[in-house]
Amino acid sequence: MVLNYIWIAFFLTAFVVALVRLVFMGDTGVFPAMIDSTFTSSKTAFEISLGLTGVLSLWLGIMKIGERGGVVAMLARLLSPVFARLFPDIPKGHPATGSIFMNIAANMLNLDNAATPLGLKAMEQMQELNTKKDTATNPMIMFLVLNTSGLTLIPVSIMVYRAQMGAAQPTDVFIPLLLTTFFSTLTGIVVTSIYQRINLVNRTMLLTLGSLCAIVAAIIWLFSRMDGPTMNTVSTSVANVLLMTIITGFILAGVRRRVNVYDAFIDGAKEGFGTAVRIIPYLVAMLVAVGVFRASGAMDMLIGAVRSLIEACGGDSSAIGALPTAIMKPLSGSGARGMMVDAMTAYGADSFVGRLSCIFQGSTDTTFYILAVYFGSIGVRHTRHAVVCGLLADLAGVIAAVAVAYMFFAP
């Protein structure tokens, strides 16, 4: 229901803004631009889904080998003490627990192509437990918030973009990114737990969250002692080695259990094609709405209003140039990436705005894209508090990003 209102709001706002521009400013190109955006966005949505087909088939095939080889069940047993508290409605030892862990691990390593198929698999498994198939359950919402908060330990893609844009030290945003994404994830967990009345003040959760804080601190310390090229090499190598280890480990587990790993892979890969087809309408709906909103000029007006408000209050408007990335990130990953590159092009990769736009890009994930794809893949229409919790985590990430950017790169 919430997505319905948001979708309508995008189109109505875009239409009103475009009409004002046409009548009062004589801008005859705004409506053609909006129509052109609908076709372009629809094509982009299909291309994204088409591109996901191969990746989905690959990773769902690997996951099927892991299921039959017992790896997923083993992960579910190991994680049951923690996940039983974060996801109390999922039975202990259920395969969904293992899939959730694999998805979160892939996100933390910035392995987007691996994370999405694993996340879709987890949603399908949670849907099996759902008694109201068109309504999101508490575990689904907690899982979605963990995804939208965008916890990433190794932001390889952002560092690569900074290197391409000529940054003197492409890795200088690594520690700020780690801090902001951790804060947004922690906020998402706390907010969702309040909505779902989950008690986080217990020995297991305190030990888990404390251990995560210690791990993040250790990573910050380790990488802060490396120079730029070493940090890039280590982060990329670790991500790739872990990814290949997972694939090989799943296959060996299947061999050990005397599973026909080839047939298992084919069975899982077939599911990937069907999933990719199912998400096309949801992607088209969301990307077209975002594209029309941008083409109408509504995004530029929103940013201008924020700038005026901050300046009227006597605040520092240095961060405004990076604001388009923050606003676009919950709506479109590719759109936010474009805004980030545009900010680095206009202001410089090593400018305050350029660095802040990179921190915005990595602090959270694309909330509405994830909601559309994950819920759309299983036919969930009533999202309950998923949007509110996801956006609050996004807001926490934006606030933290600004604070951390001023702390590290004050203009």
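Throughout, residues of each chain are indexed from 1 in the direction in which the sequence is written. Reporting of local features is limited, given that this is a predicted model, to residues whose pLDDT is at least 70; pairs of side-chain atoms are given and counted only at 80 or more, and all residues count toward the totals for whole chains, interfaces and linings. As a rule here, side-chain values cover all heavy atoms of the structure and leave hydrogens and water aside.

To continue, consider the packing of aromatic side chains. When two rings of Phe, Tyr or Trp (its six-membered ring) have centres within 6.5 Å they constitute a pair, described as stacked for plane angles under 30 degrees, edge-to-face for angles over 60, and tilted for the intermediate range. All told, the structure shown has six aromatic pairs when counted by the stated rule. Between F15 and F31, the aromatic rings sit 5.9 Å apart at their centres with planes inclined by 70°, giving edge-to-face as the arrangement. Highlighted residues: F15 in helix α1 (residues 2-25) and F31 in helix α2 (residues 30-69), separated in sequence by 16 residues. Categorising residues by exposure relies on relative accessible area from a 1.4 Å probe, with only protein chains included: less than 20% of the type maximum marks a residue as buried, more than 50% marks it as exposed, and the intermediate range marks it as partly exposed. Look at F15 and you get partly exposed, because its relative accessible area is 44%. Residue classification places F31 among the partly exposed positions, given a relative accessible area of 25%. An angle of 45° between the planes, with centres 6.1 Å apart, marks the rings of F408 and F409 as tilted. Only DSSP runs of H or I with at least four residues qualify as helices, and only runs of E with at least two residues qualify as strands; both kinds are numbered from the N terminus onward.

Below, the discussion takes up the side chain of T187. Structurally, the position occupied by T187 is in helix α8 (residues 174-196). The criterion used for residue contact is that any of the two residues' heavy atoms lie within 4.5 Å. Setting aside chain neighbours within four positions, we find T187 in contact with L392 and A396.

All right, on to the packing of α8 against helix α9 (residues 203-224) then. At their nearest, the axes of α8 and α9 sit 10 Å apart, and the two run at 170° to each other. It follows from the interaxial angle that α8 and α9 lie roughly antiparallel. Where α8 abuts α9, its residues F174, I175, L178, L179, F182 and L186 lie against L209, L212, C213, V216, I219, I220, F223 and S224. Class assignment for the residues of the contact of α8 with α9 results in 13 nonpolar, one polar and no charged. Here the axes come from fitting lines to C-alpha atoms, over the contacting stretch only for helices, and the angles between their N-to-C directions go from 0 to 180 degrees. Relative orientations are named as follows: roughly parallel for angles under 35 degrees, roughly antiparallel for angles over 145 degrees, roughly perpendicular for angles from 65 to 115 degrees, and oblique for any other angle. Note that Gly is not counted as nonpolar here; it falls among the polar residues with everything else outside the nonpolar set of Ala, Val, Leu, Ile, Met, Phe, Trp, Tyr, Cys and Pro and the charged set of Asp, Glu, Lys and Arg.

To estimate how far a helix should extend, the number of its residues minus one is multiplied by 1.5 Å. Helix length check: helix α16 (residues 352-363), at 12 residues, gives a terminal C-alpha distance of 16 Å against a target of 16 Å (1.5 Å per residue), a fit within 8%. Taken across its 12 residues, α16 has 12 buried, putting it largely inside the fold. Regarding α16, the residues found buried are F352, V353, G354, R355, L356, S357, C358, I359, F360, Q361, G362 and S363.

Looking at where N130 falls in the secondary structure, it is placed in the loop between α5 (112-127) and α6 (138-148). The buried category is assigned to N130, whose relative accessible area is 6%. A polar atom in the side chain of N130 sits 2.8 Å from the backbone oxygen of T135. Apart from residues no more than four positions distant in its own chain, N130 is found in contact with T135, T137 and M140. N or O atoms closer than or at 3.5 Å make up a polar contact, with two conditions inside protein: a donor-capable atom paired with an acceptor-capable one, and, for residues adjacent in sequence, both atoms drawn from side chains.

Looking now at helix α17 (residues 367-378). Here α17 spans 17 Å end to end across 12 residues, near enough to the 16 Å set by a 1.5 Å rise per residue. Where burial is concerned, most of α17 is hidden: 12 out of the 12 residues are buried.

On to the packing of α6 against α8, then. Interaxial distance between α6 and α8 falls to 9 Å at its minimum, and their mutual angle equals 165°. Here α6 lies roughly antiparallel to α8, going by the angle between them. Handedness of the crossing formed by α6 with α8: right-handed. Each of N138, I141, M142, V145 and L146 in α6 lies in contact with α8, whose residues at this interface are T185, G188, I189, T192, S193 and Q196. By the definition used in this description, the sense in which the near helix is turned from the far one sets the handedness, with an anticlockwise turn below a right angle giving left-handed and a clockwise turn giving right-handed.

Further remarks concern the pattern of salt bridges. Salt bridge, as applied in this entry: a Lys or Arg side-chain nitrogen positioned within 4 Å of an Asp or Glu carboxyl oxygen. For the structure on display, the rule yields five salt bridges. Between D134 and R381 there is a salt bridge, and its shortest N-O distance comes to 3.3 Å. Highlighted residues: D134 in the loop between α5 and α6 and R381 in the loop between α17 and α18 (386-409), separated in sequence by 247 residues. Take D134: its relative accessible area is 27%, and that puts it in the partly exposed class. A salt bridge links D350 to R162; the nearest nitrogen and oxygen atoms lie 3.1 Å apart. Of the two residues, D350 sits in the loop between α15 (333-347) and α16 while R162 sits in helix α7 (residues 156-164), which places them 188 residues apart along the sequence. Among the residues examined, D350 registers a relative accessible area of 29% and is labelled partly exposed. Through salt bridges with shared partners, one network takes in R162, D350 and R355.

So far we have only geometry, and geometry alone does not tell us how the molecule works.
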